Structures are given as structure tokens and as C-alpha cells.
Amino acid sequence: MPLALDLAEEGAPADAVAMTAAALGPVGLLVCSAGAIRLAAVHETEERHWERQLRVNLTVPFLLAREVLPGMRERGCGWVVNIGSGVGSEVVPGSGGYGVSKHAVHRLTELIHEENRDRGVRAVTVAPGWVSTRLAARPADLGVPEEEVLDAEDIADTVAWLLDRPARMSVGPLIRVEPTASRAAAGDAMTRHLNRSRAEGAGRAAEENR
């Protein structure tokens, strides 16, 4: 049941949960996978880009969790799964608001886990490395074979595996899912992508100034 909503808008997370519950019943699983990314060094980061990344990557998962947790606690079961990032566990120059917000969402998940584990509610962050999506660098641009990079199905399969664990088992609350090949490491790829973008930008500027 797709809902056409911008979750970053005021009141949209509450509306999404209310409409879902009205149509399908109480929410027993929340997976937060929406993300915003804008790579830049801290001194190069525009305030609006910083605010957008923190809103989408951190505040929206908080608001959605706040909506569903009371019902999960009352029923004695439920899952909150946040899609984080391996970059949230590393210090990657140039990751800017994205790295900060993903690091924070890891801690948010830990808090939800500890506060609700005795009420039958489990929370976990799945933190992927480099995944081939439209938000990430294209493997070919960085000289990495496409088959060495994760795809969305790899992350979906990980979430499905988590949900199949028995109620007595807690996994996480942080699970890293990385490409096997070291040249497909997310932090290194992000740094190379940012350096490449800067070089291209400098080249265009020099061309325009001729």
C-alpha cells in the first residue's frame, strides 16, 4: 500500500503510521530506509544541506519510532529496523552531515533497543557498506566491478533474516554488512568519489575562466 508522502514534512510521519494502521492494522514492523546524502567537508557544508540530512536520516526515524513504539510495547512484540551506514561507524573526511546523522541513528537504535527489550520489542541498525543505488558513486567511475558492490537485495535479505530470528534472540543492535572486496570499502570509495568530484569541478572552473 504505497503512500505518497514526504516524511520530512511536519506531521507526515504520524500521518504515515495512522494511515497504515487504519488500512492494515497495528504496525508490528518499522523499517526506516529513506536517506539523504550530500558529501562535503564541514567548512564546505551549506546549512540547508546539513538540516535536510539530519531531518531525513535521523529525525524522521525518531518520529516514526515514537509513533509505533507505544503500540508495540502494549502488544509485547515488534521490530524497529533502521538502515544506517558503515560510514556512521567510521570517521570519513567529507562525509559531512551524512556521516554525523548515520552515527547518531546508530545510537538512537541502541537506545530504542535498551528501553524496549524487556517489552518484547527489538531494534537493530543494519549498516551497509557500498551499495549500488542512485545515491552512491557508480562502481565503474571508481574502477570497481559492479559485482563486487552490494545491491539493495542484499540489504533486504539481511532484514528478512533478522525478522526470522526467534523471539528469545537479540541480534545487534548494530549489524555491519560490507562488500567482501577491500577495494569496495565504503569509506575509501566515498573519499575517492569526493576527490573525483572536486577535481572535475576544478577542471570545469578552469575551463570557464579561459
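Below you will find a few notes about this structure. (Residues numbered from 1 in each chain as written. Predicted model: local features only at pLDDT ≥ 70, side-chain atom pairs only at ≥ 80, totals over all residues. Heavy atoms only, no water.)

**Observations regarding the overall build of the chain**
Next, step 1: Summing up its helical and strand segments, the chain has 5 helices and 4 strands in all.
Next, step 2: Reading the helices (α) and strands (β) of the chain from amino to carboxyl end gives α-β-α-β-α-β-α-β-α.
Next, step 3: Relative to the compact-globule value of 17 Å for 210 residues, the chain shows a C-alpha radius of gyration of 19 Å, a close match.
Next, step 4: Buried positions account for 40% of the 210 residues belonging to the chain. (Helix = DSSP H or I, 4+ residues; strand = E, 2+ residues; numbered from the N terminus. Rg over C-alpha atoms; globule rule 2.2 N^0.38 Å. Buried < 20%, exposed > 50% of the residue type's maximum accessible area, 1.4 Å probe, protein only.)

**Some remarks on the packing of helix α1 (residues 12-24) against helix α2 (residues 47-75)**
Next, step 1: α2 packs onto α1 with a crossing angle of 40° between their chain directions and a minimal axis gap of 9 Å. Here α1 lies oblique to α2, going by the angle between them. Handedness of the crossing formed by α1 with α2: right-handed. Taking contact as the criterion, the partners of P13, A14 and V17 in α1 are, on α2, L63, L64, E67 and V68.
Next, step 2: Looking at the contact of α1 with α2, its residues break down into 6 nonpolar, no polar and 1 charged. (Axes fitted to C-alpha atoms, helices over the stretch in contact; angles between N-to-C directions. Parallel < 35°, antiparallel > 145°, perpendicular 65-115°, else oblique. Left-handed = near helix turned anticlockwise from the far one by under 90°. Contact = heavy atoms within 4.5 Å. Nonpolar A, V, L, I, M, F, W, Y, C, P; charged D, E, K, R; others polar.)

**So, the side chain of H106**
Next, step 1: Relative to the helices and strands, H106 resides in helix α3 (residues 96-116).
Next, step 2: Sequence-distant contacts of H106, that is, excluding residues within four places in its chain, are made with G84, S85, G88, S89, T125, A127 and L174.

**Topic: the nonpolar core**
Nonpolar side chains tend toward joint burial in soluble globular proteins.
Next, step 1: Judged by nonpolar contacts, the single largest core of 16 residues is most densely connected at L30, L64, V68, L69, M72, V80 and I112.
Next, step 2: Those elements giving two or more residues to this core turn out to be β1 (29-32), α2, α3 and β3 (121-128).
Next, step 3: The next biggest cluster of nonpolar side chains, apart from the first, holds 13 residues, and it includes W79, V126, V159 and L162. (Core = buried A, V, L, I, M, F, W, Y, C linked by side-chain atoms within 4.5 Å.)

**Notes on the pattern of salt bridges**
Next, step 1: For the structure on display, the rule yields 8 salt bridges.
Next, step 2: A salt bridge links E46 to R48; its shortest N-O distance comes to 2.8 Å.
Next, step 3: Its relative accessible area of 56% is what places R48 among the exposed residues.
Next, step 4: Here E114 ties to R117 by a salt bridge, and the two come within 3.3 Å at their closest N and O atoms.
Next, step 5: Exposure remark for E114: the relative accessible area of 51% places this residue in the exposed category.
Next, step 6: Look at R117 and you get partly exposed, because its relative accessible area is 44%.
Next, step 7: One network of salt bridges, in which partners are shared, links E90, R176 and E178. (Salt bridge = Lys/Arg side-chain N within 4 Å of Asp/Glu carboxyl O.)

**Description of empty space enclosed by the protein**
Next, step 1: Per the counting criterion, the structure on display carries 1 cavity of 30 Å³ or more.
Next, step 2: Taken as a whole, the largest cavity encloses approximately 40 Å³ of empty space.
Next, step 3: For the lining of the largest cavity, the secondary-structure elements that each account for two or more residues are α2, β2 (78-83) and α3.
Next, step 4: With 3 residues, the single largest contributor to the lining of the largest cavity is α2.
Next, step 5: A per-class count over the lining of the largest cavity returns 6 nonpolar, 3 polar and 1 charged. (1 Å grid on protein atoms, 1.4 Å probe; cavity = no way out; pocket = protein on both sides within 12 Å on 5 of 7 lines; lining within 4 Å. Points joined across faces, edges and corners; volume = space filled by probe spheres on them.)

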